[in-house]
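Now for the letters of each chain:
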Amino acid sequence: MNIFIVNAGSSSLKFQLIKAGNEFETIYEGIVDGIGRASCFFRASAGKKKIEYKKRIPTHERALKEAISILFEFGVINSLNKIDAVGHRVVHGGEKYVKATKLTVPVIRNIEAIAELAPLHNPANLQGIYATMKIITHAPHIAIFDTAFHQTIPQKAYMYALPNSWYKDYHVRKYGFHGTNHKYVAHQTYNLIGKNKGKLITCHLGNGSSLSAIDNNKCIDTSMGFTPLDGIPMGTRSGSIDPAIPLYMMEKLKVDSNKMNGFLNKKSGILAISNFSSDVRDIWAKAQKGHKNALYTLEKLAYEVAMKIGAYATSLNGLDAITFTAGIGENAWYLRRDICSYLSYLGVKLNSKKNRINATQIHSPDSKVKVFVIKANEGKQMAREIVSFLK
Ligand code: ADP
């Protein structure tokens, strides 16, 4: 079975063709970045075949046509009829969508309505949906929601200590994000520990970052909240702060909520701490030369992540494994080392050599808690869910 995966952002479109059999194999993948701009970057690959170029691509529909024409040119498949299903990443499913859902007109209307809660993401995801549905007309289109995995979080964790009418009338609660990847790496972690139960903390540390506490396959808490702004500091997002700070600073700077939203989402996090970059690669390059702010940024990040792990070890009342994933989690061995150095009280012991080379299993044999590094792969998890949906 061939499953075409679409992940549309406001000016980008990522695509994958996954062959689902006993295993899930990505046979074609790529990205179009800069849709609507004067020059747009296109990259695609299928095994050893690779292509990269720049040109103007005005719409998501054009981007998709480009992706499909290269798919044919590479000879991966020779007709759209070889695609058996299409999976769409949708960031926000509200409380309504807890699993893979076929995209029908009423479902699309609901996603449009939920867009109020995810104004940056759902409308962009919908662009991808509209475009793909126009082009691939014979196969079912299925939505996979980033929030779905977190819908098992209990009320004591998802409710804020705020007026109840805010929840009832305005849907203010914790939703959590990155759910598809948290679920994927949890599944891989259970495979690695050789049983289908146990207490896990999955640390998705990328441009956006979130941690999840998972007990016997069920998510019981996660660090992003009503929006992806909550939790630990990220590339340019602040993460959790005293909620009085934005109110105070709006007065001081005489700015409105829109401007404040920009400060918290685009000018904070690693960028603000370091005062020069939101990218951990840049921070590490300077830290090695003894740059003070760079060293402090790494110290602060490790501290915040370790604190969250401590909190979730409490939520879970125990801990069997920690899994690191996404750009930072998979590569920044020095951060994993520093994070784990706070966790010796839980019995966490790293094998420093394995950690240094980003091996899959990085704990030492006498560690009470297993520690893994697993490559993020939302597409594979989406394909997995689509296969079980179609069954
Ligand atoms: P996204 O959240 O956009 O999917 P990724 O998971 O790809 O992002 O993470 C991107 C971030 O990961 C980059 O901004 C950078 O900080 C970090 N990163 C990527 N590669 C490395 C690396 N080799 N070493 C350290 N950090 C890295």
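Higher on the page you've got the structure.
Conventions adopted
- Residues numbered from 1 in each chain as written.
- Predicted model: local features only at pLDDT ≥ 70, side-chain atom pairs only at ≥ 80, totals over all residues.
- Heavy atoms only, no water.
- Helix = DSSP H or I, 4+ residues; strand = E, 2+ residues; numbered from the N terminus.
- Contact = heavy atoms within 4.5 Å.
- Pairing = 2+ DSSP bridges.
- Buried < 20%, exposed > 50% of the residue type's maximum accessible area, 1.4 Å probe, protein only.
- 1 Å grid on protein atoms, 1.4 Å probe; cavity = no way out; pocket = protein on both sides within 12 Å on 5 of 7 lines; lining within 4 Å.
- Points joined across faces, edges and corners; volume = space filled by probe spheres on them.
- Nonpolar A, V, L, I, M, F, W, Y, C, P; charged D, E, K, R; others polar.
- Salt bridge = Lys/Arg side-chain N within 4 Å of Asp/Glu carboxyl O.

Draft legend 1. Spotlight on the side chain of asparagine 7. Structurally, asparagine 7 can be placed in strand β1 (residues 2-8). When near neighbours in sequence (up to four residues on either side) are disregarded, asparagine 7 contacts Ser12, Leu13, Lys14 and Arg89.

Draft legend 2. Spotlight on the sheet that holds strand β5 (residues 49-55). Taking strand neighbours across the sheet as the criterion, the eight strands line up as β5-β4-β3-β2-β1-β6-β8-β7 in an open arrangement whose pairing is mixed. The open sheet terminates on both sides in strands that have one partner only, identified here as β5 and β7 (101-102). Both β7 and strand β8 (residues 141-145) contribute to a ladder of two bridges, which runs antiparallel. Paired with threonine 101 across the bridge in β8 is alanine 143.

Draft legend 3. Broad picture of the pairing of strand β10 (residues 209-215). In terms of residue burial, β10 counts as a mostly covered element, since six of its seven residues are buried. Across seven bridges, strand β9 (residues 199-205) lies against β10 in antiparallel orientation. Across the sheet, residue lysine 199 finds its bridge partner in β10, namely aspartate 215. What sits between β9 and β10 in their antiparallel hairpin is a turn of three residues. Across four bridges, the pairing between β10 and strand β11 (residues 218-222) is antiparallel. Across the sheet, the residue bridging to alanine 213 is aspartate 221, located in β11. Here β10 folds back onto β11, and the loop between the two strands holds two residues, one of which, asparagine 216, carries a positive phi near 45°.

Draft legend 4. Representation of empty space enclosed by the protein in the model. Counted by the stated rule, this structure contains two cavities of 30 Å³ or more. Quantified by volume, the largest cavity comes out at close to 70 Å³. As for the largest cavity, its lining consists of Leu205, Ser209, Ile232, Pro233, Ile270, Leu301, Ala302, Val305, Ile328, Leu335 and Ile339. Secondary-structure elements contributing two or more residues to the lining of the largest cavity are α11 (292-316) and α13 (333-341). Here the lining of the largest cavity gets three residues from one element, more than from any other, and that element is α11. Residues that form the lining of the largest cavity fall into these classes: 10 nonpolar, one polar and no charged. Estimated volume of the second largest cavity: approximately 40 Å³.

Draft legend 5. Molecular detail of unusual backbone geometry. Despite not being glycine, histidine 171 shows a phi value in the positive range, around 65°. Positionally, histidine 171 belongs in the loop between α5 (164-170) and α6 (179-193). Accessibility expressed as a relative area gives 38% for histidine 171, which makes it partly exposed. Positive phi values are uncommon outside glycine, yet asparagine 358 reaches one of about 55°. Looking at the secondary structure, you find asparagine 358 in the loop between α14 (352-356) and β13 (370-373). The exposure class assigned to asparagine 358 is partly exposed, which follows from its relative accessible area of 29%.

Draft legend 6. Fine view of the pattern of salt bridges. Applying the stated criterion across every chain yields a total of 14 salt bridges. Of the charged contacts in the structure, one is a salt bridge between arginine 173 and glutamate 95, with a shortest N-O distance of 2.7 Å. With arginine 173 in the loop between α5 and α6 and glutamate 95 in the loop between β6 (85-90) and β7, this residue pair connects regions lying 78 residues apart in the sequence. Looking at arginine 173, the relative accessible area reads 2%, which means it is buried. The exposure class assigned to glutamate 95 is partly exposed, which follows from its relative accessible area of 35%. Taken together, the salt bridges that share partners define one network made up of Lys55, Arg62 and Glu66.

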